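Spelled out, the chains give:
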Amino acid sequence: MELKNLNDYVKFKKERLTKQIIYSDSKVLCFILNLLPGHTIPVHKHENSVLTAIVLKGKAVFTVNGKDYELSEDSELIIEGTDDFGIPTVKEDLSLYVSLSPNPENPIYAKPVD
């Protein structure tokens, strides 16, 4: 068993987003993404993994398959890995709890960004 406090992974940097890895094995990858207004995530896919993102705090526009959705605290987004996904606009300091299952084979997904 592991017990973790998600607040320990909420770390913002003015110049870029941060990605704090919480857990990673072959079955699942979990991390916290932290973005400030002005930060973006370009549209991309997640191989064959299902992505679950829960907004812990903040507000942003998420793009899924060309359609925009505004999500805020306590919202959850679940998408297939073959879907196009991006975050073009962060409206308020944003922290997302993200899980990818199975963990994508490309190691770039499990790389933290400090």
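Here, the structure is the one placed above.
Residues numbered from 1 in each chain as written. Predicted model: local features only at pLDDT ≥ 70, side-chain atom pairs only at ≥ 80, totals over all residues. Heavy atoms only, no water.

Asks: Explain the overall build of the protein to me, and be specific about the residues and the numbers.
Replies: Helix and strand content of the protein: zero helices and seven strands. Listing every helix and strand of the protein by position from the N terminus yields β-β-β-β-β-β-β. The C-alpha radius of gyration computed for the protein amounts to 13 Å, which stays within 12% of the reference 13 Å derived for 114 residues, consistent with globular compactness. With the principal axes as the frame, the protein shows a C-alpha extent of 35 × 30 × 25 Å. Every one of the 114 residues in the protein was classed for burial, and the buried ones make up 41%. Intrachain contacts of the protein at a sequence separation of at least 6 include 67% that bridge at least 24 residues. Carbon and sulfur atoms make up 51% of the accessible area of the protein, which totals about 6500 Å². Placing the 13 positive and 17 negative side-chain charges of the protein at their respective mean positions leaves the two points 6 Å apart. (Helix = DSSP H or I, 4+ residues; strand = E, 2+ residues; numbered from the N terminus. Rg over C-alpha atoms; globule rule 2.2 N^0.38 Å. Buried < 20%, exposed > 50% of the residue type's maximum accessible area, 1.4 Å probe, protein only. Contact = heavy atoms within 4.5 Å. Areas by Shrake-Rupley, 256 points an atom, 1.4 Å probe, with all protein chains shown as cover. Lys, Arg positive; Asp, Glu negative; His and termini not counted. Charge placed at Lys NZ, Arg CZ, Asp CG, Glu CD.)

Asks: Help me get a handle on the side chain of T63, residues and values and all.
Replies: When you line up the elements, T63 lands in strand β4 (residues 50–64). Within polar-contact distance, the side chain of T63 engages the side chain of D68 at 2.6 Å. What T63 contacts, discounting residues up to four positions off in sequence, is D68, D84, F85, G86 and P88. (Polar contact = N/O pair within 3.5 Å; in protein donor to acceptor, adjacent residues only side chain to side chain.)

Asks: Pulling in residues and values, what's your account of the packing of aromatic side chains?
Replies: What the rule picks out here adds up to one aromatic pair. Relative to F85, the ring of F62 lies with its centre 6.2 Å away and its plane at 35°, an arrangement referred to as tilted. Of this pair, F62 sits in strand β4 while F85 is found in strand β7 (residues 85–101), placing the two residues 23 residues apart along the sequence. Assessed through its relative accessible area of 0%, F62 is described here as buried. Using a relative accessible area of 4% as the deciding quantity, one classes F85 as buried. Between K19 and the ring centre of F31, over which it is positioned, the NZ or CZ distance is 4.5 Å. (Phe/Tyr/Trp six-rings, centres within 6.5 Å; stacked < 30°, edge-to-face > 60°. Lys NZ or Arg CZ within 6 Å of the ring centre and 35° of its normal.)

Honestly, that's just the spatial picture; any functional story needs more than this.
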